[in-house]
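Understanding the architecture of this molecule
Chain by chain, the residues run as shown.
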Amino acid sequence: MSNVVNEQGSLSINSENIFPIIKKWLYSDHDIFFRELISNGCDAITKMKKLEMMGEVSLPDDNEWKVTVKVSPEEKTISIIDNGIGMTADEVKQYINQIAFSGAQAFVEQYKDKTNEDCIIGHFGLGFYSAFMVAHKVTIDTKSYKDEPAVHWESEEGVEFEMGEGTRTERGTEITLYLNEDSYEFSNEYRAKEVIEKYCSFMPTPIFFENVDAPAKEAPKAEDGKDGEEAEEKKPQPLNDPTPLWTKHPNECTEEEYKEFFRNVFHDYKEPLFWIHLNMDYPFNLKGILYFPKINTEYENLEGTIKLYSNQVFIADNIKEVIPEFLLLLKGVIDCPDLPLNVSRSALQNDGFVKKISDYITKKVADKLSGMCKVEREEYEKYWDDISPFIKFGCLKDDKFCEKMKDYMLFKNLEGKYLTLADYVKAAKEAAGETEDATIVENADGTSATGENGEDAEEKKQVVYYVTDERQQSQYINMFKEAGLDAIFLTHNIDQPYISKLEYDNKDIRFQRIDADLTETFKEEVTEDADDWKKMVDTVTDMVKKALNKEKLTVKVEKLKNEKVASMITLSEDSRRMQDMMKMYNMYGMDPSMFGGEGETLVLNANHPLVKFVFEHKKSKNASVICEQLYDLAMLSHKPLAPEEMTKFIERSNEIMLFLTK
Ligand code: ADP
Ligand code: MG
């Protein structure tokens, strides 16, 4: 009558060696058994749905697909029940007793010699056996959709099994776990729900939850203010969303849905700036939504989360082998069932197919951004400050991305307008046509000569002036504005490495911070007799060095057009970059002169009455005080003073004011 013969057997010759290994290596997180068993239930339902679609079976009208998780904190058991395809006795033998073990065997083969912590991302056909990571005894009660008897199977420690005819009457499978003492927590309602939400939030079948020990709920008190709908209210809600937004066609999704999805998945209540919906069937299957979050660059690190799914089953966050590194700054979900996730991470890294997927994602992001810049320039500009650190990081990390984005990189200028580099260069060239001064020939030794049309035409680079700190560099900004020159703002940490890259890629441009040098534009021609001028320069230089007791200081005396400026500090671009680099690598305390001097130059304006006074009153003590004050003031508008310098400066300023009272 029954074709299920009572049977006993050893699961596999390897099983004694396998389980310690599986427990140790297969999944570092024991909670993953929930994912494996629930996804098996979903798979069983998907198979049944397919059979129905193909007309192989017909199902009653009231058939409702569902996976139910029941916990009993008192019994310390967990059951996972589905109404999917079920298994016949032969199938249990094949899929549970044998197949899983061939998977296990392959697993052991591959990993027996590995001692590193290279974790496995997907499954190895071992999903079911992950139950033994938390349970000492597991039972299966299953009935196939085929007209065959139910089967009961059980195993202690996954080493030996017993199987025979079962009592299940409905189609489907129930797996019951008798938990180990150290895993009792998983029968706790809240802990169980937490894990299920982590891994199963978007599995394709509704997942219901029951705590069999919880006191039966009384007739529901109207929740959510839905009085009078008690019957409705009683209907339990699934824990998951079986049709997450990424599975829909982008045309069918509303803006509000995208925002809501973002809030639900990332628990982030700041609205995303915009998003990219990936939807691709060929040559591989890839769906997902990438959000550009609003970042507060001053206080927050750029740090996103990309959740990776395979057929709506959560795999892990931020798998950098699949997702281009710079995209990890975004927030998003990616579902790619074609990924070979049952391999180690190091294998993923070298997989050509994975590289293709990663390239595709990068390309889509670049397409979206460049499209926006072309079609919705205003929107693009509005987001630019927020998204540019991310894009620049992408350019540094990925040459293809950089190439695609290069015409869509914007730079905010002194007027607050967004220009491309080409715009800036064009405007600078036009301005140079009038002033003849907007280009500098940068010689190999770092000295600069201006406006020469020498034979070193190759060395002639277009200088792009930039501001890193509007407040610190305001003196220079004002001078630039007055002279009709423009500069761009580059205020983020990422900008320094980014401009180095731009200079490397565009050999004819050179970035220079606005306070790096004084271009000829600001200077007046010296009309004095050459000897007189030299005497003046030497005298003033000498006095300043003495007054400051800084023999090595570089002092330049110039005639500046701007008469209000008495003194300024310039710091050559190369020296400053070197200093920035030392700061970045925390090389404080090293002597910067090792790397070519501090490079700061004090520029004194010979047109200013204070400088004239110094020259004309060589012997006066006041001239010396003025020299110190001029230096400190120039320093102050260049960078913050050191504490002891600040103290001296304030004392001296007070003395000068006292003098006014006399
Ligand atoms: P995988 O899911 O990767 O195939 P598993 O170890 O999770 O590996 O499961 C092994 C096999 O056991 C499945 O392929 C399936 O045929 C069968 N199986 C497991 N759970 C169920 C279930 N709930 N319903 C029907 N068949 C199942
Ligand atoms: Mg499975």
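Below: a short report on this structure. Only a predicted model underlies this, so the values are computations on that prediction, with no experimental measurement involved. Along each chain, numbering runs from 1 in the same order as the chain's sequence is written. By the order in which they are written, chains take letters starting at A while ligands take numbers starting at 1. Whole-chain, interface and lining totals are the exception, using all residues; otherwise, since this is a predicted model, local features are given only for residues with pLDDT of at least 70 and side-chain atom pairs are given and counted only at 80 or more. The side-chain quantities take in all heavy atoms of the structure and omit both hydrogens and water.

**Quick word on helix α18 (residues 643–661)**
The way it works is that DSSP assigns letters per residue, a run of H or I at least four long becomes a helix, a run of E at least two long becomes a strand, and they are numbered from the N terminus. Here a helix's expected span is defined as the number of its residues, less one, multiplied by 1.5 Å. For α18, which comprises 19 residues, the first-to-last C-alpha distance of 28 Å matches the rise-based estimate of 27 Å (1.5 Å per residue) to within 8%. The criterion used for residue contact is that any of the two residues' heavy atoms lie within 4.5 Å. Against the buried residues of α18 lie α17 (621–636).

**A closer look at a negative patch on the surface**
Patches in this entry comprise residues that are over 30% relatively accessible and not in a salt bridge; like charges within 9 Å are linked, as are nonpolar side chains (Val, Leu, Ile, Met, Phe, Trp, Tyr) within 5 Å. Each accessible area value is a Shrake-Rupley result obtained with a 1.4 Å probe; residue values ignore everything except the protein chains displayed when judging cover. Salt bridge criterion: a side-chain nitrogen from Lys or Arg within 4 Å of a carboxyl oxygen from Asp or Glu. Asp and Glu count as negative and Lys and Arg as positive, but His and the ends of the chain are not part of the count. Working definition for charges: the position is that of NZ of Lys, CZ of Arg, CG of Asp or CD of Glu. On the surface, a cluster of negative charge is contributed by E156, E157, E160 and E162. Considering the arrangement of structural elements, one finds E157 in the loop between β5 (151–156) and β6 (160–165). A residue is classified by how much of its surface remains accessible, and E157, at 41% relative accessible area, is partly exposed. Type-normalised accessible area, obtained with a 1.4 Å probe on protein chains alone, sets the label of each residue: buried when under 20%, exposed when over 50%, and partly exposed for intermediate values.

**A short note on the nonpolar core**
Among buried residues, those of type Ala, Val, Leu, Ile, Met, Phe, Trp, Tyr and Cys that are joined through side-chain atoms within 4.5 Å constitute a nonpolar core. Among the nonpolar cores identified, the biggest contains 110 residues, and L369, Y380 and I391 are the most heavily contacted of them. No other element matches the 9 residues that helix α8 (residues 352–375) contributes to this core. Setting aside its immediate chain neighbours within four residues, Y380 contacts L369, M372, C373, I387, I391, M405, Y408 and L410. Residues I38, V71, V138 and F186 belong to the second largest nonpolar core, which totals 65 residues.

**Concerning the packing of helix α14 (residues 530–548) against α17**
Whenever a helix is involved, its axis is fitted only over the stretch in contact; in every case the axis is a line through C-alpha atoms, and angles between N-to-C directions fall within 0 to 180 degrees. In contact at an axis separation of 9 Å, α14 and α17 are set at 80° when each is read in the N-to-C sense. When the interaxial angle is binned, α14 and α17 end up roughly perpendicular. Each of M543, V544, A547 and L548 in α14 lies in contact with α17, whose residues at this interface are A623, S624, C627, E628 and Y631. Of the residues belonging to the contact of α14 with α17, the class tally is 7 nonpolar, 1 polar and 1 charged. Roughly parallel means an angle under 35 degrees; roughly antiparallel means over 145; roughly perpendicular covers 65 to 115; every other angle is labelled oblique. Note that Gly is not counted as nonpolar here; it falls among the polar residues with everything else outside the nonpolar set of Ala, Val, Leu, Ile, Met, Phe, Trp, Tyr, Cys and Pro and the charged set of Asp, Glu, Lys and Arg.

**Re the environment of K259**
Mapped onto the fold, K259 is located in helix α6 (residues 255–266). With a relative accessible area of 13%, K259 lands in the buried category. As for K259 and W275, which are separated by 16 residues in sequence, their C-alpha atoms are 9.3 Å apart.

**Re the packing of aromatic side chains**
For any pair of aromatic rings, the description rests on two quantities: the centre-to-centre distance and the angle between the ring planes. Aromatic contacts are taken between Phe, Tyr and Trp rings whose centres are within 6.5 Å, Trp giving its six-membered ring; a plane angle under 30 degrees counts as stacked, one over 60 as edge-to-face, and the others as tilted. Within the structure shown, the criterion is met by 29 aromatic pairs. Seen in terms of ring centroids, W246 and F261 are 6.1 Å apart; in terms of plane orientation they differ by 75°. Their pairing is edge-to-face. Residue W246 is found in the loop between α5 (230–234) and α6, and its partner F261 is found in helix α6; the two are separated by 15 residues along the sequence. The exposure class of W246 is buried, given its relative accessible area of 0%. Classification of F261 as buried rests on a relative accessible area of 7%. For the pair Y466 and F511, a centre-to-centre distance of 6.3 Å together with 65° between the ring planes defines the contact as edge-to-face.

**Topic: unusual backbone geometry**
The residue after Y282, namely P283, is reached through a cis peptide bond having omega -5°. Mapped onto the fold, P283 is located in the loop between β9 (274–280) and β10 (286–292). Residue N318 is not a glycine yet carries a positive backbone phi of 50°. Mapped onto the secondary structure, N318 falls in the loop between β12 (313–317) and β13 (331–335).

Without other data, these values stay purely geometric and don't point to any function.
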